Amino acid sequence: MSVDHGIHTIDTAFQRDHFDAAYLIVQDGRGAFVDCGTSHSLPNLLACVQRAGLQPADVDWLIVTHVHLDHAGGAGALMQHLPNARLVVHPRGAQHMIDPTRLIAGATAVYGEAEIARSYGQIVPVPAERVVVADDGHCVLLAGRELLCIDTPGHARHHFCVWDQASRSWFTGDTFGLSYRELDGDAGAFIIPTSSPVQFEPEALHASIDRLMARNPQAMYLTHYGRVEGTARLAGDLHEQIDAMVAIARQCADLPERHRVLVEALSALYVARARKHDRTLADAEVLRALDMDIELNAQGLACWLDRDKR
Ligand SMILES: [Zn+2]
């Protein structure tokens, strides 16, 4: 993959190829990771450090956009290999990196114990003295290059996005949705929002997307997966689908077999949109790529419905 503005894309190998990315930003011989996959991702992350001509000691920062385990599950394990790095995390996520007990329990409730062991491996605590809490507007300096952490709730309340002025792009974690390269077509990237459990908040997500767009970004670096351009069109696609997902959820609210109906309705929504986006995309291919995300989006919409009722 090409390296633009010193930004290296790393496949963390979580779940499948080209599903879960981490990034290494290199500036004047210093490095910063943005997100890091799981502890199984460690070899790929360290190989990238070497490929970029750096030593592990040259990495100053590990910035995690939020503490969901596909983004930050490997943070503790990676930090053990980066003697000079500090971990940058949202105020609501910091405690979970220092003591991951509740994080593991929460993820186990969503994914189940066997899946946690298989997919995430060991989740290692990060020593408190290596943790930097980034409030809204916090600036991380990488050899003088400014990386700005901006609070972006909606997918999760412990989520920030990182603005890189040098490349005029955002590292969006899960705030700017999911877009897989195998679904790219002549019309560009196909994108969907993520409402995965347990803190999906549609109004906050709309506002966060607007906040990202206010800087007129050149590109977005998504964790799932990679760099996308044409950000204004993609933002519009996300806004429309958040509203459509909320409408679907409300219609399903009181149905028996709510989960099954949600999965079917979300599948139909994304397939219809993919067809409209690019007629060469086969429905089966779309569903195969989005399989896991449809399941999680349905679960997260159910959480939102139940929370909304309380
Ligand atoms: Zn997430």
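For the structure itself, consult the block above.
First, a word on what this report is: a plain description of the structure on this page. (Residues numbered from 1 in each chain as written. Predicted model: local features only at pLDDT ≥ 70, side-chain atom pairs only at ≥ 80, totals over all residues. Heavy atoms only, no water.)

### So, the overall build of the protein
The test is simple: Going along the chain from the N terminus, every DSSP run of H or I of four or more residues is numbered as a helix, and every run of E of two or more is numbered as a strand. Restricting the calculation to C-alpha atoms gives the radius of gyration, and the globule rule supplies 2.2 Å times the number of residues raised to the power 0.38. Each residue is assigned to one of three classes by its accessible area relative to the maximum for its type, calculated with a 1.4 Å probe on protein chains only: buried under 20%, partly exposed between the two thresholds, exposed over 50%. All accessible-area figures derive from a Shrake-Rupley calculation using a 1.4 Å probe, and residue coverage is judged against the displayed protein chains alone.
Within the protein, the regular secondary structure consists of 10 helices and 12 strands. Expected size for 310 residues packed as a compact globule is a radius of gyration near 19 Å; at 18 Å, the protein falls within 12% of this value. Seen through its C-alpha atoms, the protein measures out along the principal axes to roughly 55 × 40 × 35 Å. A total of 310 residues make up the protein; the buried ones form 56% of that total. Split by element, the accessible area of the protein, about 12700 Å² in all, is 50% carbon and sulfur.

### Points about the sheet that holds strand β1 (residues 7–11)
What counts here: A pair of strands is labelled paired if DSSP reports no fewer than 2 bridges between them. A fitted line through C-alpha atoms represents every axis, and for helices the fit uses only the stretch in contact; the resulting angles, taken between N-to-C directions, go from 0 to 180 degrees. In what follows, a contact means two residues having at least one pair of non-hydrogen atoms within 4.5 Å.
The sheet built from six strands is open, its strands ordered β1-β2-β3-β4-β5-β6 with mixed pairing. Sheet topology places β1 and β6 (131–133) at the edges, where each strand pairs with a single neighbour. Put simply, the sheet's adjacent strands are angled 25° from each other on average, direction ignored. Pairing of β1 with strand β2 (residues 21–27), which is carried by five bridges, proceeds in the antiparallel orientation. Bridge pairing links H8 to L24 in β2. Relative to the sheet, helix α1 (residues 42–51) contacts β1, β2, β3 (30–34) and β4 (59–63), its axis offset from that of β1 by approximately 150°.

### Examining the packing of aromatic side chains
The geometry of an aromatic ring pair is captured by two quantities: the separation of the ring centres and the angle between the planes. Worth spelling out the cut-off: In this analysis, rings of Phe, Tyr and Trp, with Trp reduced to its six-membered ring, are considered paired at centre separations within 6.5 Å, and the interplanar angle assigns stacked below 30 degrees, edge-to-face beyond 60, and tilted for intermediate values.
This structure, assessed with the given rule, holds nine aromatic pairs. Plain terms: the ring middles of Y23 and Y221 are 5.3 Å apart, the flat faces sit at 80° to each other, and that makes the pair edge-to-face. Of this pair, Y23 sits in strand β2 while Y221 sits in strand β11 (residues 219–222), and the two are 198 residues apart along the sequence. Of the residues examined, Y23 reaches a relative accessible area of 2% and is grouped as buried.

### Focus on the coordination of the zinc ion
Defined as follows: Coordinating donors are taken as N, O and S atoms within 2.8 Å of the metal, stretched to 3.2 Å for Na, K and Ca; because water is absent from the atoms, sites can appear incomplete.
Coordination of the zinc ion by the protein involves H66 (NE2), H68 (ND1), H155 (NE2) and D174 (OD), with metal-donor separations of 2.2 Å. Every donor residue of the zinc ion comes from the same chain, spaced as H-x1-H-x86-H-x18-D. In this structure H66 comes out as buried when scored by relative accessible area, which is 0%. Overall, H68 belongs to the buried group, its relative accessible area being 18%.

### Brief notes about helix α7 (residues 202–213)
Rule in force here: Multiply 1.5 Å by the residue count of a helix minus one, and that product is the helix's expected span. Directions are taken from the helix axis to each C-beta atom, and the arc is the one they span.
Look at α7: 17 Å from first C-alpha to last across 12 residues, which is about the 16 Å you get at 1.5 Å a residue. Taken together, the buried positions of α7 are P202, L205, H206, S208, I209, L212 and M213. Down the axis of α7, the buried side of the element spans an arc of 165°, and every buried residue falls inside it.

### Some remarks on the pattern of salt bridges
Quick note on the threshold: The salt bridge definition used is simple: a Lys or Arg side-chain nitrogen within 4 Å of an Asp or Glu carboxyl oxygen.
The tally for this structure, following the rule as stated, stands at 17 salt bridges. Two residues, E115 and R118, come together in a salt bridge whose shortest N-O distance is 3.1 Å. Taken as a pair, E115 and R118 lie in helix α6 (residues 113–120) at a separation of three residues, close to a single helical turn. Residue E257 is joined to R260 by a salt bridge in which the shortest nitrogen-to-oxygen separation is 2.6 Å. Overlapping salt bridges, with partners in common, bring together R233, D237, E240 and R273 in one network.

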